[in-house]
Amino acid sequence: MSHVATLSNVSISFPEKTLFTEFTVNISKKDRIGLMGKNGSGKSTLLKAIAGIFLDYTGQISVSGKILYMDQLRSFNARTPFEYYASTADTPRKLRDVRSILKGFGFEEKDWHRDISTFSGGEKTKLQLGKLFLEEPNFLLLDEPTNFLDVQAIEFLKNLLRKFPGGYIVVAHDRNFLRNVCEKFWEINNGQIWIFDMDFDRYRKERETILKTQERRIENIQKEIDRLKHIIDQYRRWNREKFFKQAKSREKLLNKMYEELENMPNLYLQEEEKNIKIPIPDNTGHVVLEVIDVSWNSLLKKINFTVYQKDKIAIIGPNGSGKTTLLKIITGHLRHNGTIKIGHNVKMVFVDQFISQLDPENTVFDEIFEEMPDHPDYVIRSYAGRFGFKGENVFKQISQLSGGERQILAIAKILLRKPNLLILDEPTNHMDLQTVEALEKALKEYEGSVLLVSHDLELVSNVCNRFFSIINGEIVEVDSPVILFEKKPTISKTKNLPFEEKKKLRNQLKNLQEILENLSKKEEDLCGNIEQIDNKLSLTNDYNEITSLIKEKEKLEQDLLTVMEEMQKTREKIENLQAHLSEF
């Protein structure tokens, strides 16, 4: 198989941090690779090294063919889209391709001669992506290509990549996108690059298996070390020559275990997460927010909808349709026609306005401490860890954080203020995958209402119970966000939906989800009790106590099996009900 690039013993280090060491790999011309890792782990740097832009590495990188790189900066060397594409579209066929690509990305011909500086972030991304495909490269290096794209543009990009005859490495945080376009994954983690030659879901399972296996191995080694130390101390206390020999023999084994523990290549070196809950906000009335006949210029036309208590609503759809404008109207930042009614006891926050309030000189710890001044340090660190700030990262200054890290920190702070209506506009832009998952977990646990503009289909599907889109200035509600991207979607205006029937089904779904949560808590408690018994067994030599503990453990394990079976049945019921709702 021919290779488009070969990396031999490549290492990249900075004075304050080593990104990874001695990475060797052959990249085939048809490889479709997702490059994973936390913000700051070195993903962009590695792409730049392969592209020949970053040269401060050790080892060798050799490339062949035409490799093109798109970074996150979205820079241009032309004034208008027409000028930008002119140098590339040098044949009639390419001119036809220009029309097809721009149309696919949602551009009209009147936009061809607009000044690029007037374009949004999403429009600039689409222009760059289109030009890359027109240049007919052998291989693409794409750094966060879905940032600022609406869902239609992401779907079009998926199709372009599926039809692309070459290969690519893509950095992205959108799980649905990665699942659809990548066939193998690299993960930069703890100074190494791990290769998973498999699809996205298998990669995530394999990664979790490796992590759990290593955690169990570390736990077992540590237990064995404690046991050996206890035996060695006992031999020495007996103070006889034959026992000294036994002690020395055990010490050799002990040193080997210390060495194995020290050299074990952990997937993650992460501190134990303590279960610090998201604070519960004050109750609102049944109606949280009413939007009545809201219009704005020619963009929005008599928008009507109601947010009910604990609703989590996603607003999805094309860029420029008015989603962000609607949020600004609701939060009082734009004058408009129509009425916005805020319900009883509603405390509404708009996350975007808080990001600029973070003090660049503060650390993450300082910012969280401002909201939790009466809590001990370990609680503050544990809460920060829920949002990806683990270990020493909690002492990073705000000025050193990426855009995604600032966004998740602002959300972490806001949740501590107990709002009961949270409004977010594209929160996942610039977040890495782990941060997106931390956000999803927090939003699912949060007990207030949410109004969320996002292009991340997996996030909104997992978090939200209602889905809106603005089409031709009017708001519509659908049963599933995927419906919006079918060729002939069936969409009803919100006032025509069979609301009572759907409400009944959603209540059933909510009850099942609560049952699943309770079962999950039982599972967690049973596992904790079994672990306590294991600890007691390791500390006792009393036969009667050991017998009693083993019987108790067997009973708990049987209870655990029953709970796990109930959880599986409940999950199946939830999936069936969700499927029924999506067909409603």
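Residues numbered from 1 in each chain as written. Predicted model: local features only at pLDDT ≥ 70, side-chain atom pairs only at ≥ 80, totals over all residues. Heavy atoms only, no water.

Draft legend 1. Spotlight on the overall build of the protein chain. Assigned secondary structure in the protein chain consists of 17 helices and 19 strands. A sequence separation of at least 24 residues applies to 70% of the contacts in the protein chain between residues at least 6 apart. (Helix = DSSP H or I, 4+ residues; strand = E, 2+ residues; numbered from the N terminus. Contact = heavy atoms within 4.5 Å.)

Draft legend 2. View of the sheet that holds strand β10 (residues 287-296). Taken in spatial order, the three strands line up as β11-β10-β13 in an open sheet, and their pairing is antiparallel. Of all strands in the sheet, those with a lone pairing partner are β11 (300-308) and β13 (337-342), marking the two edges. In this sheet, neighbouring strand axes are inclined to one another by 5 degrees on average, regardless of whether the strands run parallel or antiparallel. Alignment of β10 against β13, held across five bridges, turns out to be antiparallel. (Pairing = 2+ DSSP bridges. Axes fitted to C-alpha atoms, helices over the stretch in contact; angles between N-to-C directions.)

Draft legend 3. Geometry of the pattern of salt bridges. If you walk through the whole model with that rule in mind, you get 27 salt bridges. The closest approach of N and O atoms between Lys-110 and Glu-108, which form a salt bridge, is 3.7 Å. Lys-553 serves as the salt-bridge partner of Asp-534, at 2.8 Å between the closest nitrogen and oxygen. Here Asp-534, found in helix α16 (residues 499-539), pairs with Lys-553, found in helix α17 (residues 543-583); they are 19 residues apart in sequence, far enough to count as distant. Owing to a relative accessible area of 25%, Asp-534 belongs among the partly exposed residues under this scheme. Here the residues in one salt-bridge network are Glu-367, Glu-370, Glu-371, Lys-413 and Arg-417, joined through shared partners. (Salt bridge = Lys/Arg side-chain N within 4 Å of Asp/Glu carboxyl O. Buried < 20%, exposed > 50% of the residue type's maximum accessible area, 1.4 Å probe, protein only.)

Draft legend 4. Representation of the packing of aromatic side chains in the model. Within the structure shown, the criterion is met by 16 aromatic pairs. Ring geometry for Phe-76 and Tyr-84: centres 4.9 Å apart, planes at 65 degrees, overall edge-to-face. Overall, Phe-76 belongs to the partly exposed group, its relative accessible area being 23%. The buried category is assigned to Tyr-84, whose relative accessible area is 8%. Here the aromatic rings of Phe-305 and Phe-468 are separated by 5.1 Å at their centres, their planes lie at 70 degrees, and the arrangement is edge-to-face. With Phe-305 in strand β11 and Phe-468 in strand β17 (residues 466-471), the pair connects residues that are 163 residues apart, well separated along the chain. Aromatic ring contacts, followed pair by pair, group Phe-185, Phe-196, Phe-200 and Tyr-203 into a single cluster. Positioned above the aromatic ring of Phe-119 is the side chain of Arg-114, whose terminal nitrogen or guanidinium carbon lies 3.9 Å from the ring centre. One residue, Lys-126, lies across the ring of Phe-107, its end atom 5.4 Å from the ring centre. (Phe/Tyr/Trp six-rings, centres within 6.5 Å; stacked < 30°, edge-to-face > 60°. Lys NZ or Arg CZ within 6 Å of the ring centre and 35° of its normal.)

Draft legend 5. Representation of the confidence of the model for the protein chain in the model. A residue-level look at the protein chain finds 89% of positions with pLDDT of 70 or above and a mean pLDDT of 84. Below a pLDDT of 50 lies the segment residues 267-274, which in the model reaches 22 contacts outside its immediate sequence neighbourhood of four places, other chains included. (pLDDT = per-residue confidence, 0-100.)

Draft legend 6. Structural context of the sheet that holds strand β9 (residues 192-196). The mixed open sheet is built from six strands, whose spatial order is β5-β6-β7-β3-β8-β9. Two strands in the sheet have a free side with no partner beyond their single neighbour: β5 (67-70) and β9. The mean angle between the axes of side-by-side strands here comes to 15 degrees, regardless of whether they run parallel or antiparallel. Inspection of the sheet shows strand β8 (residues 184-189) paired to β9 by five bridges, in the antiparallel sense. Considered in β9, the bridge of Ile-188 is made with Ile-193. Strand contacts of helix α1 (residues 43-51): β3 (32-36), β5, β6 (139-143), β7 (167-171), β8 and β9, with the helix running at about 150 degrees to β6, the strand carrying the most contacts.

Draft legend 7. A look at the pairing of strand β15 (residues 421-425). Among the five residues in β15, five count as buried, and that is most of the element. Judged by which residues are buried, β15 turns out to be covered on both faces: Leu-421, Ile-423 and Asp-425 on one side and Leu-422 and Leu-424 on the other are all buried. Bridge count between strand β14 (residues 348-350) and β15: three bridges; the pairing is parallel. Its bridge partner being in β15, Val-349 is matched across the sheet by Leu-422. As defined by bridge partners, β15 adjoins strand β16 (residues 449-453) across five bridges and the pair is classed as parallel. When the bridges of β16 are listed, Ile-423 appears paired with Leu-451. Note on the crossover from β15 through helix α14 (residues 433-445) to β16: the handedness is right-handed. (Right-handed = clockwise from strand over helix to strand, strands pointing away.)

Draft legend 8. Region of interest: the environment of Gly-122. Its place among the elements puts Gly-122 in helix α4 (residues 121-134). Residue classification places Gly-122 among the buried residues on the basis of a relative accessible area of 3%. The spatial distance from the C-alpha of Gly-122 to the C-alpha of Asn-319 is 7.6 Å, given a sequence separation of 197 residues.

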